[in-house]
Amino acid sequence: RQLFNSKLFARWMLFGVVQGSIAWAVPFAMIGTYDYDKTQPGQFWVCSAAAFTVINVIVWVKLMLYCESPLALTTIVPTVGVFLCYIMALACLGYTPPGKSFQPSMWHVPGNVFGKTENLVAIAAASAAALLLDVVVLLLSFFVWPSELSRAKRGR
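Computed from a predicted structure; not experimentally measured. (Residues numbered from 1 in each chain as written. Predicted model: local features only at pLDDT ≥ 70, side-chain atom pairs only at ≥ 80, totals over all residues. Heavy atoms only, no water.)

(A) Focus on the layout of surface pockets. Roughly 1,700 Å³ of internal volume is contained in the largest pocket. Contributing to the lining of the largest pocket are 39 residues, with Arg-11, Tyr-66, Leu-138, Ser-141 and Ser-147 lying nearest its centre. No other element matches helix H6 (residues 117-143), which puts nine residues into the lining of the largest pocket. Here the residues of the lining of the largest pocket sort into 22 nonpolar, eight polar and nine charged. (1 Å grid on protein atoms, 1.4 Å probe; cavity = no way out; pocket = protein on both sides within 12 Å on 5 of 7 lines; lining within 4 Å. Points joined across faces, edges and corners; volume = space filled by probe spheres on them. Helix = DSSP H or I, 4+ residues; strand = E, 2+ residues; numbered from the N terminus. Nonpolar A, V, L, I, M, F, W, Y, C, P; charged D, E, K, R; others polar.)

Given below as structure tokens:
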């Protein structure tokens, strides 16, 4: 009950809504467009791919932040592996005939997302803003409200 309860679940849901909203709103505000054309690649799809990248970054970093050993090889290697799989999936969607048949509006979008500095800045800013909640909670739980396990590890 201490490790999983309704208060913790409610916090997860609230953080998910806030972080998801940040992940969508910041790239659209910084890169900028709301013009939607479902048949043609365009700025909307660049913003959408950037927002989806932010969601992935949030998940990867949160998994590392809450991991017992965030800097261990058993944490870093799988995270790098999933990042490479994500890049490969984007490349398949954006640059292969099957990808074009699945989602024609993603044609050459990954290069546009990662090829412009303003897009990378938007991804970094949105990720940092969204993860700030978790960093604050972790710092508070470490220094102000440590768990019994944390206190035992520190010898208090």
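And the narrative resumes.
(B) Summary view of the packing of helix H2 (residues 43-65) against H6. It is the contact of H2 with H6, at a shortest axis distance of 9 Å, that shows an interaxial angle of 30°. For the element pair H2 and H6, the recorded crossing hand is right-handed. In this structure, H2 uses Val-46, Ala-50, Thr-53, Val-54, Val-57, Ile-58, Val-61, Lys-62 and Leu-65 to contact H6, whose residues at the interface are Asn-119, Ile-123, Ala-126, Ser-127, Ala-130, Leu-131, Asp-134, Val-135 and Leu-138. When grouped by side-chain class, the residues that make up the contact of H2 with H6 number 13 nonpolar, three polar and two charged. (Axes fitted to C-alpha atoms, helices over the stretch in contact; angles between N-to-C directions. Left-handed = near helix turned anticlockwise from the far one by under 90°. Contact = heavy atoms within 4.5 Å.)

The values reported here are purely geometric and, on their own, carry no functional implication.
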